[in-house]
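Results of the structural survey
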Amino acid sequence: MAVTRRVEALALLKAAAMCGGAELARALAPEVTLDASRADEPRVRVRGRAAVLAELVGWWPGEGTLVDWREEAWEPGAAVTLERLGEGGHITRLRLYLRWAEGLITGIWAYSARPRPGAAATPTGVPPDVLERVAPGGHREPLVHGGNSGAGLDRVVTRDGASLVAKRVVVGGDWIARATHDPGREALLPYERLPAAVVAVEPDPDGGWWVICRDLGAELVPSTGAIDREDARRMLAAGAALHAAFATEPPVAVACTLEDRLALHGEGTARAELGNSDLVPKQLAAGWEGFAETAPPDVAAAVLAAVEDPAPLAERLRAAGPSTLIHGDLRDDNVALTPAGAVLIDWGLAGWAPPAVELAWFLLHDAWRIDAPREALIDDFAVAEGELHEPAALELGLFTGLVTYGWLLGHSACIHPDPAERRWARDEIAWWSQRARRALA
């Protein structure tokens, strides 16, 4: 019976999203709660069937068309992604997490997300004059992109059939760029010295730049399944080579500062992004609450303090070991392991920091899929970095892992309805908390 009622609850939610039907009340528990962070209003938290129903129905006035609906259900709840085309052509996208008991919805977390690329507007693509300069006689084709950044992407096919990827970069083009005071980093980096796929950077007549790269999609490390330890070593070695190349030089002017990197997922970002619809800033408040609930109190207090005021941690990191240029987003999705060597893509978070900050990000994204314990990967990092490896900087660098990713682990541990996801997140918090205590000591 409970399973049948859960199916009915999802059907009623879907119907409400299309026409705002009050029938959704039949799926809500009397003391249901709603925690919503949407683009057009501050965070809303209400309790009770009538209050929650009124809020939801208010989101979906009149008739609408669901142009995208995806649902996954587990024993404790469900995850739903929907995109709605409303009156006047207005498109909204939401990520919902549901908690239920005895077939009734007892809790809803709702977040705005950016509509899929091309859903709200047709991108202009690479201008003809830029196309002619980078690929004379070539043409462009649409490139499907599922990212959340809103970056304009195009495929450029040269006259001889080779494929290039063109990415439009504009100042303040997404929430990460705004939060890190990005002056157009991906267009302004010294690519002639970087292990990058960039072949040209062209100014856009409408503002910004087009960064033209070799199409390495077929050579990227797969983002699903296990990662071989040797491949992980090659990725860490690529990062180490980058770090060594800039270790004795003054900071690259356009690199993300350590303070901006550490504050990226803080309350200031969530506040500044009111009115915008990127997903991550909408999840931050609830995610950090989940982290505080799950992590040991001493670790949670130290991490949240660093998120609120990153300057003391940044100073300690700089004092502990040399800073250099880091890729900033070193992980499987951004590394192509080619026969000629590793090539890195997506340099929007390139920053100036000790290399251990790079390691923390890499471990958080990929360590759970690599066929080696984290301690072995840390040893591989130390070998790759050579003289740049500093044990004191290592512990502080690993502490930044929770400062930058604790919100997501907290969200997965307390809000995500998939039991496997919740177990994974709690295991991650336990391991990272043990390492964090070394830095605190």
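Model, not experiment: these values are computed from the prediction.

A few points about the sheet that holds strand E8 (residues 152-157)
Pairing is antiparallel in the open sheet, where five strands are placed in the order E7-E8-E9-E11-E10. Looking at the sheet topology across the chains shown, the edges are occupied by strand E7 (139-142) and strand E10 (198-203). Neighbouring strand axes in the sheet, compared pairwise and without regard to direction, differ in orientation by 30 degrees on average. Of the pairings in the sheet, the one linking strand E9 (residues 163-169) to strand E11 (residues 209-214) comprises six bridges and is antiparallel in character. Within E11, the residue paired with Val169 across the bridge is Trp209.

Structural notes on unusual backbone geometry
The phi angle at Glu102 is positive, at roughly 50 degrees, despite the residue not being glycine. Relative to the assigned elements, Glu102 resides in the loop between strand E5 (91-101) and strand E6 (104-113). Judged by relative accessible area, Glu102 falls into the exposed class, the value being 67%. At His181, a residue that is not glycine, the phi angle is positive and equals roughly 50 degrees. Considering the arrangement of structural elements, one finds His181 in the loop between helix H4 (175-179) and helix H5 (185-188). On the basis of relative accessible area, His181 is assigned to the exposed category, the value being 60%.

As for the packing of helix H9 (residues 279-294) against helix H14 (residues 391-414)
Relative to each other, H9 and H14 sit at 80 degrees, their axes nearing to 6 Å. Taken together, H9 and H14 sit at an angle that is classed as roughly perpendicular. The residues of H14 that touch H9, namely those facing Val280, Gln283, Leu284, Gly287, Trp288, Gly290, Phe291, Glu293 and Thr294, are Leu402, Val403, Gly406, Trp407, Gly410, His411, Ala413 and Cys414. The class makeup of the residues in the contact of H9 with H14 is nine nonpolar, seven polar and one charged.

With respect to empty space enclosed by the protein
Going through the model one piece at a time under the given rule, you end up with three cavities of 30 Å³ or more. Approximately 50 Å³ is the volume attributed to the largest cavity. Lining the largest cavity are Gly321, Pro322, Pro354, Pro355, Ala356, Phe381, Leu388, His389, Glu390 and Ala393. Per-class residue counts for the lining of the largest cavity are seven nonpolar, two polar and one charged.

Considering helix H2 (residues 49-59)
Within H2, the full set of buried residues consists of Val52, Leu53, Glu55, Leu56 and Trp59. The buried residues of H2 occupy an angular sector of 165 degrees when the element is viewed end-on, so they sit on one face. The outward face of H2, more than 90 degrees from its buried face, is lined by the exposed residues Ala50 and Ala54. Its buried side turned inward, H2 meets strand E1 (28-37), strand E2 (44-47), E5 and E6.

Thoughts on the state of the cysteines
Tallied over the entire structure, the rule returns zero disulfides. Sulfur of Cys213: no disulfide; nearest cysteine sulfur belongs to Cys256 and is 20 Å away.

Describing the nonpolar core
The biggest cluster of nonpolar side chains holds 90 residues, and the ones touching the most others in it are Leu194, Val303, Leu325, Trp347, Leu363 and Phe399. Here the element with the most residues in this core is H14; it accounts for 12 residues. In contact with Leu363, other than residues within four places in its own chain, are Trp368, Leu377, Ile378, Leu398 and Trp432. Grouped together as the second largest cluster of nonpolar side chains are 29 residues, Leu24, Trp59, Val80 and Leu96 included.

Digging into the pattern of salt bridges
Going through the model one piece at a time under the given rule, you end up with 38 salt bridges. Where Asp380 meets Arg229, a salt bridge forms, and the shortest distance between an N and an O atom there is 2.9 Å. In this pair, Asp380 is assigned in helix H13 (residues 374-385) and Arg229 in helix H6 (residues 229-245), connecting sequence segments 151 residues apart. For Arg229, a relative accessible area of 24% puts it in the partly exposed group. In the salt-bridge network here, residues are joined through shared partners; they are Asp68, Arg70, Glu83, Arg93 and Arg116.

Structural notes on the layout of surface pockets
Space inside the second largest pocket adds up to approximately 490 Å³. Along the walls of the second largest pocket sit 19 residues, with Gly266, Glu267, Ala270, Leu284 and Ala285 positioned nearest its centre. Among the elements of the structure, helix H8 (267-272), H9 and helix H10 (297-308) are those that each provide at least two residues to the lining of the second largest pocket. With seven residues, the single largest contributor to the lining of the second largest pocket is H9. Among the residues forming the lining of the second largest pocket, the class breakdown is 10 nonpolar, two polar and seven charged.

Looking at the side chain of Arg261
For Arg261, the location among the structural elements is in helix H7 (residues 258-263). No salt bridge is formed by the buried Arg261; its nearest oppositely charged neighbour, Asp329, is found at 6.0 Å. Setting aside residues no more than four positions away along its own chain, Arg261 makes contact with Cys256, Gly328, Leu349, Trp361 and Thr404.

What to know about the environment of Ala353
Within the secondary structure layout, Ala353 lies in strand E15 (residues 351-353). On a C-alpha basis, the gap between Ala353 and Pro128 in space is 39 Å, while along the polypeptide they are 225 residues apart. Contacts of Ala353, omitting those with residues within four sequence positions, involve Leu258, Ser323, Thr324 and Ile326.

Observations regarding the sheet that holds E1
The six strands lie next to each other as E2-E1-E6-E5-E4-E3, forming an open sheet whose pairing is mixed. Where the open sheet ends on each side, the last strands, each with one partner, are E2 and strand E3 (65-73). Adjacent strand axes in the sheet meet at a mean angle of 15 degrees, parallel and antiparallel pairs treated alike. Relative to strand E4 (residues 77-85), E3 runs antiparallel, the two sharing eight bridges. Residue Thr65 lies in a different strand from E4, and its bridge partner there is Leu85. Relative to E1, H2 is tilted by about 45 degrees, and along the sheet it contacts E1, E2, E5 and E6.

Conventions and cut-offs
- Residues numbered from 1 in each chain as written.
- Predicted model: local features only at pLDDT ≥ 70, side-chain atom pairs only at ≥ 80, totals over all residues.
- Heavy atoms only, no water.
- Pairing = 2+ DSSP bridges.
- Helix = DSSP H or I, 4+ residues; strand = E, 2+ residues; numbered from the N terminus.
- Axes fitted to C-alpha atoms, helices over the stretch in contact; angles between N-to-C directions.
- Buried < 20%, exposed > 50% of the residue type's maximum accessible area, 1.4 Å probe, protein only.
- Parallel < 35°, antiparallel > 145°, perpendicular 65-115°, else oblique.
- Contact = heavy atoms within 4.5 Å.
- Nonpolar A, V, L, I, M, F, W, Y, C, P; charged D, E, K, R; others polar.
- 1 Å grid on protein atoms, 1.4 Å probe; cavity = no way out; pocket = protein on both sides within 12 Å on 5 of 7 lines; lining within 4 Å.
- Points joined across faces, edges and corners; volume = space filled by probe spheres on them.
- Arc of directions from axis to C-beta.
- Disulfide = S-S within 2.5 Å.
- Core = buried A, V, L, I, M, F, W, Y, C linked by side-chain atoms within 4.5 Å.
- Salt bridge = Lys/Arg side-chain N within 4 Å of Asp/Glu carboxyl O.
- Lys, Arg positive; Asp, Glu negative; His and termini not counted.

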